[in-house]
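# Descriptive structure summary
Residue-level listing of the chains:
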Amino acid sequence: MNLSPAPEAPTNIPSHLNAVHIEAGNRTLTEMHELASSLTFAAMLTDDGFEIVHLNGANTDGGRFASMSSSVQALSDAVAHELKIGTNQYVIIASEFGHVIQLRVQGHPIVLAASFDTNETLGKGLSIARLAARRMAELIA
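Residues numbered from 1 in each chain as written. Predicted model: local features only at pLDDT ≥ 70, side-chain atom pairs only at ≥ 80, totals over all residues. Heavy atoms only, no water.

### Here we look at the sheet that holds strand β1 (residues 39-46)
Where we set the bar: At least two bridges found by DSSP between two strands are what make those strands a pair. Think of it this way: any DSSP run of H or I at least four residues long counts as a helix, any run of E at least two long counts as a strand, and we number them from the N terminus. Convention adopted: a line fitted to C-alpha atoms gives each axis, helices being fitted over their contacting stretch, and angles between N-to-C directions are expressed from 0 to 180 degrees. The contact criterion used is simple: two residues touch if any of their non-hydrogen atoms lie within 4.5 Å.
Strand order in the open sheet made by the five strands is β2-β1-β5-β4-β3, with antiparallel pairing throughout. Here the strands that pair on one side only, and so sit at the sheet edges, are β2 (51-55) and β3 (91-95). Taking the axes of each pair of neighbouring strands and ignoring which way they run, one obtains an average angle of 10 degrees across the sheet. Inspection of the sheet shows β1 paired to β2 by four bridges, in the antiparallel sense. Opposite L45, over in β2, you have E51 as the bridge partner. Strands in contact with helix α1 (residues 19-35) are β1, β2 and β5 (110-117); relative to β2, the strand with the most contacts, it is inclined by about 25 degrees. Packing of helix α2 (residues 62-82) onto the sheet brings it into contact with β1, β2, β3, β4 (98-105) and β5, and relative to β1 it is tilted by some 70 degrees.

### What about the pattern of salt bridges?
This is how it is decided: Salt-bridge detection follows one rule: a side-chain nitrogen of Lys or Arg within 4 Å of a carboxyl oxygen of Asp or Glu. Note on classification: 1.4 Å probe, protein chains only; a residue is buried when its accessible area is under 20% of the maximum for its type, exposed when over 50%, partly exposed between these limits.
Overall, the coordinates contain five salt bridges when judged by the stated rule. Ionic pairing is found between E31 and R135, a salt bridge with its closest N-O pair at 3.0 Å. One end of the pair, E31, is in helix α1; the other, R135, is in helix α3 (residues 122-140), and 104 residues separate them in sequence. Look at E31 and you get partly exposed, because its relative accessible area is 27%. Between R104 and D77 there is a salt bridge, with its nearest N and O atoms 2.3 Å apart. Of this pair, R104 sits in strand β4 while D77 sits in helix α2, placing them 27 residues apart in sequence.

Written out as structure tokens, the structure reads:
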């Protein structure tokens, strides 16, 4: 009798193709939008620039946004490393009509990027983004 071990579920599925990550991302972004009607666009993306999911993307090319956000994240990580100021916590891009906040989902090669209009304070936007990143980490743990 051959008692070979049962095959293990694949753990090397990239996040942008992983059904669990896609479901968790959709759920997280929906919950995020419920907390802030000022959220104009949000996306979960991989470190290497692939979009996992996005919300409210009628006027935004999600794939292009993911690529640019990934580059911004990598640059901000490099700046923090070069200056020896610790690990990059988050990135904020402030503009005339709103702001973008992005941060990592702890323990995963995933970045949350969210755009808020000017009706949202920066503090509340950051709090909501932090909650969402924590929620995503919980859902895919």
